[in-house]
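Spelled out, the chains give:
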Amino acid sequence: MCRKLALLATALIAVAAAPLAHAADANTGGGSSAAAQAAASSTAAPTAKQAPPRKASATERAAADRMEPLARAAFWGHELDVDPTDVVAGTHLASALRSLGQYDAAADAAQRALVVEPNNYDALLESARDYIAKGDGFYAVASLQKAQKLQAKDWRPLSLLGIAYTQVRREDDAQAAWRAALLLSPDNPAVLSNMAMAMASKGDAPGAEALLRRAVAQPGAGLQVRQDLTLVLGVEGKLGEAEKLLREDLPPEQADANLAYFKAVSSGKDPIQPSTDGHSWNALKGAGS
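Before going into details, it helps to say that this report is about the structure given with it. (Residues numbered from 1 in each chain as written. Predicted model: local features only at pLDDT ≥ 70, side-chain atom pairs only at ≥ 80, totals over all residues. Heavy atoms only, no water.)

**A short note on the packing of helix α12 (residues 205-216) against helix α13 (residues 223-235)**
Cut-off, in case you're wondering: Between N-to-C directions, angles cover 0 to 180 degrees, with each direction set by a line fitted to C-alpha atoms, over the stretch in contact for helices. Per the convention used, a helix needs a DSSP run of H or I reaching at least four residues, while a strand needs a run of E reaching at least two, with both numbered from the N terminus. Angular relationships are summarised with four words: roughly parallel below 35 degrees, roughly antiparallel beyond 145, roughly perpendicular across 65 to 115, and oblique for the angles in between. Here is the rule for handedness: rotate from the far helix to the near one, and if that takes an anticlockwise turn smaller than a right angle the crossing is left-handed, while a clockwise turn gives right-handed. Contact between two residues is taken to exist if any of their heavy atoms lie within 4.5 Å; hydrogens are not considered.
Two elements in contact, α12 and α13, have axes whose closest approach is 9 Å; the angle formed by their N-to-C orientations is 150°. It follows from the interaxial angle that α12 and α13 lie roughly antiparallel. α12 and α13 meet at a crossing whose hand is left-handed. Two secondary-structure elements touch here, α12 through Ala 205, Ala 208, Glu 209, Leu 212, Arg 213, Ala 215 and Val 216 and α13 through Val 225, Arg 226, Asp 228, Leu 229, Val 232, Leu 233 and Val 235.

Written as structure tokens, this is what we have:
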């Protein structure tokens, strides 16, 4: 059972993210020599001075957060080019890059934001998410501890701390962090899901299932919590219910691929890795807490 969980925890299929490509600005201008250009300038009509780049308006920024990750990354990258000290732009760029699976670049962007403003709360949380997504929870702990001190009534740093502690095998600390998070936000589905997936990774699929059913029953439960339940049901061999959830939540081809994977693992076969990008539990949890 532990082997099955370890396999499945790295193979829940998500939409493949295209690599982020940065288009270089095209340089205008002819091929004439400097001397010829200088001579021509004496007779050429004066040209209008190009307006300096400007930051987007608050309305434009709010609209950017509704874009797809690639467009968001381009938008916030431009904002950061206009003002390299813009911590908000740096934090949003990191989030967009993380959504694209560019975890190293995301962590770098968040760290640059923290150099400008070391106590920026959103940048601290984003930096932690990026390191967790990379599987480097050790480097998330200090940022989360600082964030927790800055806003002691927010459950999110504690929920993320639980994941980071799990990654560095501090299991007791992880459970303590999640219990503290639930005191601040009782029955929070994200926290319950994090706790459940930690149980699943240790081989306790029935215990994980019970927590996940409690989580999906909460009003704020999202798609990720349902996908976590689907994964655990799949590893338990409860393929009928797993398929029902897959069909409700995913496009047909993704649902088929996930179901085939569950069937292969449940039958004891070594499944072929799907062609689309898989995300580890750590990466999925880093995005949703």
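After that view of the structure, there is still more to cover.
**What about α12?**
Count 3.6 residues to each turn of an α-helix, and residues three or four apart come out pointing the same way. What counts is decided by this rule: For a helix, the expected span equals 1.5 Å multiplied by the number of residues minus one. Residue burial is assigned from relative accessible area. The probe radius is 1.4 Å, only protein chains are included, and a residue is buried under 20% of its type maximum, exposed over 50%, and partly exposed in between. Between N or O atoms, a polar contact is any pair within 3.5 Å; within protein, one atom must be a potential hydrogen donor and the other a potential acceptor, and residues adjacent in sequence are included only when both atoms are from side chains.
Look at α12: 16 Å from first C-alpha to last across 12 residues, which is about the 16 Å you get at 1.5 Å a residue. Listing the buried residues of α12 in full gives Ala 205, Gly 207, Ala 208, Glu 209, Leu 211, Leu 212 and Ala 215. If you check the start of α12, you find a side-chain oxygen 2.9 Å away from the backbone N of Gly 207, and it comes from Asp 204.

**Quick notes on the environment of Gln 167**
Residue position: Gln 167 is located in helix α9 (residues 156-167). By relative accessible area, Gln 167 is classed as buried at 15%. When the C-alpha atoms of Gln 167 and Asp 136 are compared, they prove to be 7.3 Å apart, with 31 residues separating the residues in sequence. Side-chain polar atoms of Gln 167 contact the backbone oxygen of Ile 132, separated by 3.1 Å.

**Considerations on the environment of Leu 150**
Topologically, Leu 150 is positioned in helix α8 (residues 141-150). As for Leu 150 and Asn 120, which are separated by 30 residues in sequence, their C-alpha atoms are 9.4 Å apart. Residues within four places of Leu 150 in sequence aside, it is in contact with Asn 119, Tyr 121 and Leu 124.

**Some points on the pattern of salt bridges**
What counts is decided by this rule: Only one rule defines a salt bridge in this text: a Lys or Arg side-chain nitrogen within 4 Å of an Asp or Glu carboxyl oxygen.
With the rule as written, the count across this model stands at 22 salt bridges. Of the charged contacts in the structure, one is a salt bridge between Glu 79 and Arg 61, with a shortest N-O distance of 2.9 Å. Within this pair, whereas Glu 79 is found in helix α4 (residues 69-82), its partner Arg 61 is found in helix α3 (residues 58-64), the two being separated by 18 residues in sequence. The pair formed by Glu 79 and Arg 61 is uniform in burial state, with each residue classed as buried. Between Asp 173 and Arg 170 there is a salt bridge; the shortest N-O distance is 2.8 Å.

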